Amino acid sequence: MSRKAVAFTGPSGSGKTTLIEKIAQKLTPTRDIVIIKHDPSDKAKFDTEGKDSDRFFKSGANVAVVSPTRTTLFTHQRRKIDQIANMFGKFDLMLVEGLKTLPLPRIAIFRNKIDEEYLPVIDAMAIDESIDISKYDIPSKIDIIDLNDTDAIINWIDKNSTEI
């Protein structure tokens, strides 16, 4: 079984989630896609206050919500990426949003300006026409992809994603 992964990074509001969603929508008819999103501020909300799963999780227990169409896991333990991958079992491609410290091929998404602090940890950048690339000193090892060309981004992923 070949399970590959690639990561996306960039400033808040740059369009990471939108791009990952477009890629997933394009690939899911032919590939099994897994998405992992990092929540560094622990601000994401997954259940409504007072509902059963919220109450169960707040009790300190790990919780699985199982229905005919999905399974949702709420756990108090931090998981490593390989543990998470194993929980999903078989898949073709894992798209990771954030988690800059993971050693995965990484695409940064920028709009309006390039945050040069990301340059040491990325392999490619997806930018749109709002950025004048000539104003930046981009290392030659970083590929530049049109943010609005989902097919070009998928081609980059297919060539550069790594087996996990």
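Scroll up for the structure.
Residues numbered from 1 in each chain as written. Predicted model: local features only at pLDDT ≥ 70, side-chain atom pairs only at ≥ 80, totals over all residues. Heavy atoms only, no water.

Draft legend 1. Broad picture of the pattern of salt bridges. With the rule as written, the count across this model stands at seven salt bridges. Here R111 and D128 are joined by a salt bridge, their closest N and O atoms 3.0 Å apart. Of the two residues, R111 is situated in the loop between β6 (106-110) and β7 (124-127) and D128 in the loop between β7 and β8 (143-146); the sequence distance between them amounts to 17 residues. Assessed through its relative accessible area of 10%, D128 is described here as buried. Here the salt bridges do not stand alone but share partners, grouping E49, D54 and K58 into one network. (Salt bridge = Lys/Arg side-chain N within 4 Å of Asp/Glu carboxyl O. Helix = DSSP H or I, 4+ residues; strand = E, 2+ residues; numbered from the N terminus. Buried < 20%, exposed > 50% of the residue type's maximum accessible area, 1.4 Å probe, protein only.)

Draft legend 2. Representation of the nonpolar core in the model. Within the largest apolar cluster, 20 residues are counted, with the highest numbers of intra-cluster contacts made by F8, I23, L95, I107, I153 and I157. Ranked by residues supplied to this core, first place goes to helix α1 (residues 16-27) with five residues. Counting residues in hydrophobic clusters, the runner-up holds 12 residues, among them I36, I84, A85 and L102. (Core = buried A, V, L, I, M, F, W, Y, C linked by side-chain atoms within 4.5 Å.)

Draft legend 3. Local environment of the pairing of strand β1 (residues 4-9). Among the six residues in β1, five count as buried, and that is most of the element. Here β1 pairs with strand β5 (residues 93-97) via five bridges, running parallel. Within β5, the position partnered with A7 by the bridge is V96. In this structure, β1 lies alongside strand β9 (residues 162-163), joined through two bridges in antiparallel fashion. The residue bridging A5 from the neighbouring strand is T162, located in β9. Of the strand pairs in this sheet, β1 and β6 are connected by three bridges, and their pairing is parallel. The residue of β6 that forms the bridge with A7 is R106. (Pairing = 2+ DSSP bridges.)

Draft legend 4. Representation of the packing of aromatic side chains. Summed over the entire model, instances satisfying the criterion amount to two aromatic pairs. Ring centres of F57 and F74 lie 6.1 Å apart, and the angle between their planes is 50°; on these two criteria the pair is classed as tilted. Of this pair, F57 sits in helix α2 (residues 52-58) while F74 sits in strand β4 (residues 71-74), and the two are 17 residues apart along the sequence. In this structure F57 comes out as partly exposed when scored by relative accessible area, which is 25%. Exposure remark for F74: the relative accessible area of 14% places this residue in the buried category. Centre to centre, the rings of F110 and Y118 are 5.7 Å apart; their planes meet at 70°, and the pair counts as edge-to-face. Residue Y118 is classed as buried on the basis of its relative accessible area, which comes to 11%. (Phe/Tyr/Trp six-rings, centres within 6.5 Å; stacked < 30°, edge-to-face > 60°.)

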